[in-house]
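# An overview of the molecular structure
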Amino acid sequence: MSDPSPDDAHARDADDPLRGFGERFHHPSDAAGRRQVYLCGHSLGLQPKSAAAQVEQEMGDWRRLAVLGHHAAARPWIAYHERFAAPLARLTGAADHEVVAMNSLTVNLHLMMVSFFRPSADRNCVLIEQSAFPSDRYAVVSQLKYHGLDPHRHLIEAAPREGERILRTGDLLELIEREGRRLSLVLLPGVQYLTGQALELEPLIGAARRAGAAVGLDLAHAIGNLPLSLHDWQTDFAVWCSYKYLNAGPGAVGGCFVHERHARDPGVPRFAGWWGHDKHTRFRMDADFEPMPGAEGWQISNPPVLSSAPLLASLELFAEAGLSRLRAKSSALTGYLRRSIEQRLPGMAEIITPAAPSQHGCQLSLRLKLPAGPARRFHERLGAAGVIGDWREPDVLRLAPTPLYNSYADVHHAVSVMAGLLGT
Ligand SMILES: *Cc1c(COP(=O)(O)O)cnc(C)c1O
């Protein structure tokens, strides 16, 4: 790469087949009205400009129709969640009936563990990674306790090697093999939230299944970021939220994948509710629960229409842009951020995220070579200067250029601001 110059960044933007999508999002601005450079799509995606109309449509139908909206709304509420199946299936590499938009991530994780963490006398452990997102850890530990198991003995944690931050696939495979006979469930992230590492899911899922364990994935940082093949990988279940790369807004409806091989298995226990009941007979209000085949059969309640409407707007943009074009731009854009940091902040920041394109998505995680106080203040000054990333204790600055709405000029500007603050 030539030395990163603003002209070079503009030339890259001019060549970007996805240019124009950035204008279809609201970008935040500071108190003086200056547009900020938003590199925080890994935490909360920007609002699609088309989202408000989707929400207003439902508000209007509710005003005009009240209860009749269940059937007479422009998008009848009774089947609202069904609109998400096809686009979510395309993003996750699933069949339409293997995915459903429902609840939120941690709730779905609990519901999936009810079905797929079924410890027996000798197969009663859950494997997670040591720096798992706290909510996932709390969920797993509480499930262990719920089954009367001791987390000190039954929670197995995969850690990076001493002095390293990244999980090595070989080490994970070895751990799964070594502990295989005790494993009831292996729960892995698609992309590790702190380091930005994308795990090599296919061999890991294969090893866990050969060991006889169920496999669940937390796709919070992977959906809308990386291509996925949940069906072909034989994943048992996956869960995600929709407010990160999927841009559906704070607390938006989450989602869930259940592999087809479980679709009609009456032996899989679940926590049931009326929305999981066969929709053809749901309103007969029968006493006996007859689950719908597929992921829809894990629904409990009727769909949260107002927290789902923005997701429709966002998924339309994903369909238009196409995941393969997004992924190609993402690799290039995040690679450009990496090279710009290496060239323009020499020796000042360690990039924790692996460099191999197959091992990362949008996000880069940096450790600034500053003492703790100044490093945290650096993040605050970066925000004050109009570059929005985020800080994760104890020492990680996360920056995620997002191919739908970030440009090379955004990345160039962000690195210029960082260089200015670091005095290079
Ligand atoms: C963002 C995130 C969550 C959030 O959980 P909610 O139930 O949506 O509040 C959970 N796990 C991981 C790994 C996350 O990145």
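You'll find the structure just up there.
One structure accompanies this document, and this report is about it. Not measured: the values here are computed from a predicted model.

## Examining the environment of Met-112
- Inspection of the secondary structure puts Met-112 in helix H5 (residues 105–116).
- With relative accessibility at 0%, the residue Met-112 sits in the buried group.
- Residues Met-112 and Pro-269, spaced 157 residues apart in sequence, show a C-alpha to C-alpha distance of 9.8 Å.
- Excluding its chain neighbours within four sequence positions, the residues that come into contact with Met-112 are Phe-117, Phe-237, Val-239, Cys-256, Phe-257, Val-258 and Trp-298.

## Some thoughts on the pairing of strand E5 (residues 125–129)
- Among the five residues in E5, five count as buried, and that is most of the element.
- With burial as the criterion, each face of E5 is covered, one bearing Cys-125, Leu-127 and Glu-129 and the other bearing Val-126 and Ile-128.
- Both E5 and strand E7 (residues 183–189) contribute to a ladder of three bridges, which runs parallel. Bridge pairing in E7 places Leu-127 opposite Val-186.
- Relative to strand E6 (residues 155–158), E5 runs parallel, the two being bridged by four bridges. Within the sheet, the bridge partner assigned to Glu-129 lies in E6 and is Ala-158.

## So, the sheet that holds strand E8 (residues 214–218)
- Reading across from one edge, E4-E10-E9-E8-E7-E5-E6 is the order of the seven strands in this open sheet, with mixed pairing throughout. The open sheet has two edge strands with one neighbour each: strand E4 (99–101) and E6. Shown here is a sheet whose adjacent strand axes are inclined to one another by a mean of 20 degrees, direction ignored.
- Here three bridges tie E8 to strand E9 (residues 237–240), and the two strands are oriented parallel to one another. By the bridge assignment for E9, Gly-216 is matched with Phe-237.
- H5 contacts E7, E8, E9 and strand E10 (255–258) of the sheet and is inclined by roughly 165 degrees relative to E9.
- The sheet contacts of helix H8 (residues 169–179) involve E5, E6 and E7, and relative to E6 the element is tilted by about 160 degrees.

## Considering the packing of aromatic side chains
- Counted under the stated rule, the structure contains 10 aromatic pairs.
- Centroid distance Phe-116 to Trp-298: 6.2 Å. Interplanar angle 25 degrees. Geometry classified as stacked. Highlighted residues: Phe-116 in helix H5 and Trp-298 in the loop between E10 and helix H10 (305–321), separated in sequence by 182 residues.
- Taking the relative accessible area as the measure of exposure, Phe-116 reaches 6% and is therefore buried.
- On the basis of relative accessible area, Trp-298 is assigned to the buried category, the value being 1%.
- Centroid distance Trp-274 to Phe-283: 5.5 Å. Interplanar angle 70 degrees. Geometry classified as edge-to-face.

## Notes on the packing of helix H2 (residues 51–65) against H10
- Two elements in contact, H2 and H10, have axes separated by 7 Å at closest approach and are oriented at 145 degrees. Both H2 and H10 take part in a crossing whose hand is right-handed. From H2, Ala-51, Gln-54, Val-55, Glu-58, Met-59 and Trp-62 reach across to H10, where they touch Val-305, Leu-306, Ala-309, Pro-310, Leu-312, Ala-313 and Glu-316.
- Class assignment of the residues belonging to the contact of H2 with H10 gives a composition of 10 nonpolar, one polar and two charged.

Thresholds, definitions, all that
Residues numbered from 1 in each chain as written. Predicted model: local features only at pLDDT ≥ 70, side-chain atom pairs only at ≥ 80, totals over all residues. Heavy atoms only, no water. Helix = DSSP H or I, 4+ residues; strand = E, 2+ residues; numbered from the N terminus. Buried < 20%, exposed > 50% of the residue type's maximum accessible area, 1.4 Å probe, protein only. Contact = heavy atoms within 4.5 Å. Pairing = 2+ DSSP bridges. Axes fitted to C-alpha atoms, helices over the stretch in contact; angles between N-to-C directions. Phe/Tyr/Trp six-rings, centres within 6.5 Å; stacked < 30°, edge-to-face > 60°. Left-handed = near helix turned anticlockwise from the far one by under 90°. Nonpolar A, V, L, I, M, F, W, Y, C, P; charged D, E, K, R; others polar.

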